[in-house]
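# Breakdown of the fold
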Amino acid sequence: MTAEAPLLEVTDLVKRFDLRRSLRSRLSRDPAPRLTAVDGVSFSLGRNQTLGIVGESGSGKTTLARCLTRLVEPDGGSVVFDGTDIGAVAGRELQRVRRRIQVVFQDPFTSLNPRMTVGAALAEPLRVHGVASRKEAPARVAELLDLVGLASTVTRRFPRELSGGQRQRVAIARSLAPQPELLIADEAVSALDVSIQAQILNLLVDLTDRLGLTMVFISHQLSVIASVADTVAVMYLGRIVESGPVGLVFTDPQHPYTAALLAANPEPVPERRRRQPAIRGDKPTPLEIPTGCRFRTRCAYVQERCAEVDPPAAQVAPGHSAHCVVLPFAPSPGQTITDPRPRRLGEGA
Amino acid sequence: MTTAATPEARGPVLLEVRNLHTAFPASNGAVLAASGVSFSLAARETKGIVGESGSGKSITLRSLLGLVPEPGRVIEGEVLWDGRDLLQLSSTELRAIRGREISMIFQDPTSSLNPVYTVGEQIGEILRVKLGMGRRAAQERSVELLDHVGIPAAKKRAGSYPHELSGGMRQRVMIAVAIACKPRLLLADEPTTALDVTIQDQILALLAELQNEFGMAMILVSHDLGVVAQNCDSVVVMYAGHVVEDAPATALFDSPRHPYTVCLLKALPSIRAPGVRGRLAQISGQPPDLARLPEGCPFRPRCPSSRDACVTVTMELETVGPAHATACPFPAEGA
C-alpha cells in the first residue's frame, strides 16, 4: 500500500485573504490587512484511506477543503489529485477532475435547493457530469437512495418535508451521484443530534468501505474524528501541528496543542471532573500569527527558542509527526497540563 | 409523580419542580414541549438536563422563570422556591427574583448583550437596577466582576463593546452579569455550545469555581453528554417533553436504566477508542414529532426492547435505586 502513489498530494498550500479596508486606511496607502487562513499545509492521502482534519474555529480547515476542490484559488503550493495538478488545469479538464472530488457540507438545510424535489436534486449531478442519460437517471436515482438507506418514495418529496438526518442522507447521495473517488465531508455531522449523528457516521464509513472511497473528514469534534478516520491532522492557525495514525495521535499526543485539545474534550465519564482548564488564554487572530511556533502564546511548555524557530515537522514514529521543538512531549491523555517544565528531546520516556 | 432524588441525602431542597406542563398551540390543538416534568434541586447542587433537540430541555428551564417564548404557556404544575410557587407570582414579583436570586445565561452571548452599550455599562445597569447602587459604585464593581470572571485588563475591557470581544470573553461577560447579585441559583442554557472546545473547558471551569465560591446551585442544560458527565452531580434525561430518567451522574453514566439513555450512551463516539472506523451503536428511526406522538411511551417506536405493554405506559417516574428513577416500567439491568 505504501508503494502505491497517493491519490491526493498537498504540498505547501497557502491561502490568504485580503480584508476590506476602511476609507482612511486606503487613502493613507497602508498595506491591506491579510488574513492567513492556510499557511503551508502538506499531506498525502492514499486510496481508500480516511484522513480526519480536526481544529477549532479559525484553524483553516474549511478553507483547506475549499482549496482541495479549487472552490477558492490557493496563493501558493500545489494540490495533486491522482497525478493531475488541479491548480494547472482549466475548463473541461478541471470539470473532469471535479467530478471525481465531491463535497458534503455541514448544513443539509442550506446545501439542498428548497424548490427541487429529492429526485430532481439527485438527477442534476448525473446530467451535469454526464454520468447517466435521461433514460437511465430514474433507475440511478433509486440506486443512490437505496445506497444511503432512504426509501425510493422520497423521490417526490421536497427537502423541507424531510428530517435533518434524512436531508443529510440526500446530500450524501447527491455527492455520490457523479461516482467520485474522493469525498470531502466538511462538518458533515455537526448539525445533527447524537442519535442521528451515529447513523450518518456509520453510513459514511460503510459507503467508503463499500465503494472504495477516499475521504477527507473535517470536524471540530475529536470523538467524531476518532470514530471514522485512519489518520488525523490537527490544525492550529492555518498549519498542521501534528499528524499521524489516529490511534497513535489520540493516545500518545506529541504536540502540546493536541494534548490540550484531548484534555479539554468532555468524555461522558462522570468521575473525570477537572477544575483546571487544559489550556489558558484565547487563540491569537489569524491576522497576526505569532512568530516562531504559532502555539507558543498559549503553550504551557513554552521556551525562549519557541519565539525564534517555526518548528519543522519532526517524525516521532512511522507516519506520526509533530511540529514542536520540545519533543517528545507525552502527557497521558486526559491529564491536566500542570507541569510547566519542558522536556527536551531524548529526555524522559 | 414521584421525584427521583431523596433530598435528605443531598441537603435541603432549593427548588422543586412538580408536574410541569408547557404547551405551544398547533394546528391540531396543542403540543406539549414539557409534559409532566418533575425534579428537585438541592442547595449547591449542579443538575444537568440533557436531551436532543426538541426534547423540551430548554423550554423546561425557561418555564421556571416565566421566560417561555410566545405563544407558549405553562399550563400546569408548580415550581417551588422558598415555599413560594414561582408560577403563581405576578410579573413584578418574578422580576424581583430574576437576576437577584435566580440568574440565567444563554447559548449565544452575542444576542444576549446589547451591541450599543459597553460591557461595563451593561453590568453597571444590573447593579443599579437590582441592587440600587450609585453610578460610581456600580462602575467600580463592574470592573471587579469582569476581573472576577477572568477577563484580563478588566478596567480597559469594561469600556469595550461586545463586538470587540471574542466569543469566550462575551460569555464571561454574560456570566459576570449573571453573578452580579450573587444569586443562589444559576440557570445555564447550553452556555458553551457555541464555543470552541478549549474555551468551553475554560468557561465550565470558571462556572464551577464561582459555584464553589458563592455556594450557588446550577441547572445546566446541554445536548452534550460529556459536558453533563463532567460537570453535574445529578442528571435529568428528557425525551419528547418527558423526563425519562433522573439519577446521580455516576449512576446514570455507569448504569443507565432507561433504554433511551442506554442507546444514547452507546451511540456516542469516543476519543478512547480511536481508529475503530464506524459501527457505533445507532438508534434507529427519526426524532419524535411532538404533534404526532405515539400512544404510551414516546420512545417506543425506536426502542430496541419495546413490547406490547409499552402502549399503556404513563411515563411516571419509578424509583430503581438510590435517588435514581426512570419512566420505563421495563428498565435495563443496572450494572
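All of these numbers come straight from a predicted model, not from anything done at the bench.

## Looking at the environment of Arg128(B)
Residue and element names in this part refer to chain B. Checked against the element boundaries, Arg128 lands in helix 4 (residues 119-131). Between the C-alpha atoms of Arg128 and Ala138, which are ten residues apart in sequence, the distance is 6.4 Å. Setting aside its immediate chain neighbours within four residues, Arg128 contacts Met133, Arg135 and Ala138.

## Quick notes on the interface of chain A and chain B
Listed per partner, the contact involves 43 residues of chain A and 41 residues of chain B. Of all the secondary-structure elements, those providing two or more residues to the side of chain A that touches chain B are helix 7 (194-211), helix 8 (222-228), helix 9 (246-251) and helix 10 (256-264) of chain A. Broken down by element, the side of chain A that touches chain B gets its largest block of residues, eight residues, from helix 7 of chain A. Tallied by class, residues from the side of chain A that touches chain B come to 22 nonpolar, twelve polar and nine charged.

## So, the sheet that holds strand 4 (residues 76-81) of chain A
Residues and elements named next belong to chain A. Ordered in space as 2-1-4-5, the four strands form an open sheet in which the pairing is antiparallel. The two strands at the open ends of the sheet, each matched to only one other strand, are strand 2 (34-45) and strand 5 (84-85). Looking at chain direction, strand 1 (residues 8-18) and strand 4 are connected through five bridges and run antiparallel. Of the residues in strand 4, the one forming a bridge with Val10 is Val79. Relative to the sheet, helix 2 (residues 61-68) contacts strand 1, strand 2 and strand 4, its axis offset from that of strand 2 by approximately 65 degrees.

## Overview of the confidence of the model for chain A
The share of residues in chain A with pLDDT of 70 or more is 91%, and the mean pLDDT across the chain is 88. Scored below 50 in pLDDT, residues 330-349 of chain A makes 33 contacts in the model with residues more than four places away or belonging to other chains.

## Here we look at helix 7 of chain A
Helix length check: helix 7 of chain A (18 residues) gives 26 Å between terminal C-alpha atoms against 26 Å at 1.5 Å per residue, within 8%. Taking burial as the measure, the 18 residues of helix 7 of chain A include 14 buried ones, the bulk of the element.

## Notes on unusual backbone geometry
Peptide bonds are trans in most cases, and residues, glycine excluded, mostly fall at negative phi. Residues and elements named next belong to chain B. With an omega of 0 degrees, the peptide bond between Glu70 and Pro71 qualifies as cis. As for its placement among the helices and strands, Pro71 is situated in the loop between helix 1 (57-64) and strand 4 (73-81). Although it is not a glycine, Asp82 sits at a positive phi angle of roughly 55 degrees. For Asp82, the position within the fold is in the loop between strand 4 and strand 5 (84-85).

## Observations concerning the packing of helix 7 (residues 167-179) of chain B against helix 8 (residues 197-214) of chain B
Residue and element names in this part refer to chain B. Running from amino to carboxyl end, helix 7 crosses helix 8 at an angle of 15 degrees, the nearest separation of the two axes being 10 Å. Considering the angle they form, helix 7 stands roughly parallel to helix 8. In the crossing of helix 7 with helix 8, the sense of the turn from one axis to the other is right-handed. Packed against helix 7, whose contacting residues are Gly167, Gly168, Gln171, Arg172, Ile175 and Ile179, the element helix 8 presents Ile199, Gln202, Ile203, Leu206, Leu207, Leu210 and Phe214 at the interface.

## Some details on the sheet that holds strand 12 (residues 324-326) of chain B
Residues and elements named next belong to chain B. Pairing is mixed in the open sheet, where eight strands are placed in the order 6-7-8-3-9-10-12-11. One side of each edge strand has no neighbouring strand; the edge strands of this open sheet are strand 6 (102-105) and strand 11 (318-321). In this sheet, adjacent strand axes meet at a mean angle of 20 degrees when their direction is disregarded. Sheet topology places strand 10 (residues 242-248) next to strand 12; two bridges connect them, and they run antiparallel. Opposite Glu245, over in strand 12, you have Thr326 as the bridge partner.

## A closer look at the nonpolar core
Val216(A), Ile225(A), Val234(A), Ala176(B) and Leu187(B) are the most contacted members of the largest nonpolar core, which totals 200 residues. Element by element, the count of residues in this core is highest for helix 7 of chain A, at nine residues. Setting aside chain neighbours within four positions, we find Ala176(B) in contact with Ile123(B), Leu145(B), Leu146(B), His148(B) and Val149(B).

## Looking at the pairing of strand 3 (residues 46-50) of chain B
All names here are of chain B. Across the five residues of strand 3, five count as buried, placing the element largely inside the fold. Residues Thr46, Gly48 and Val50 of strand 3 are buried on one face, and the alternating residues Lys47 and Ile49, pointing to the opposite face, are buried as well. Two strands pair when backbone bridges link them, and strand 3 and strand 8 (residues 217-222) are joined in this way by five bridges, in the parallel orientation. The residue bridging Val50 from the neighbouring strand is Ser222, located in strand 8. The pairing of strand 3 with strand 9 (residues 234-239) spans four bridges and is parallel. The partner of Ile49 across the bridge, within strand 9, is Val236.

The rules behind each value
- Residues numbered from 1 in each chain as written.
- Chains lettered and ligands numbered in written order.
- Predicted model: local features only at pLDDT ≥ 70, side-chain atom pairs only at ≥ 80, totals over all residues.
- Helix = DSSP H or I, 4+ residues; strand = E, 2+ residues; numbered from the N terminus.
- Contact = placed C-beta atoms within 7 Å.
- Nonpolar A, V, L, I, M, F, W, Y, C, P; charged D, E, K, R; others polar.
- Pairing = 2+ DSSP bridges.
- Axes fitted to C-alpha atoms, helices over the stretch in contact; angles between N-to-C directions.
- pLDDT = per-residue confidence, 0-100.
- Expected span 1.5 Å × (residues − 1).
- Buried ≥ 20, exposed ≤ 12 C-beta atoms within 10 Å, placed from the backbone.
- Parallel < 35°, antiparallel > 145°, perpendicular 65-115°, else oblique.
- Left-handed = near helix turned anticlockwise from the far one by under 90°.
- Core = buried A, V, L, I, M, F, W, Y, C linked by C-beta atoms within 7 Å.

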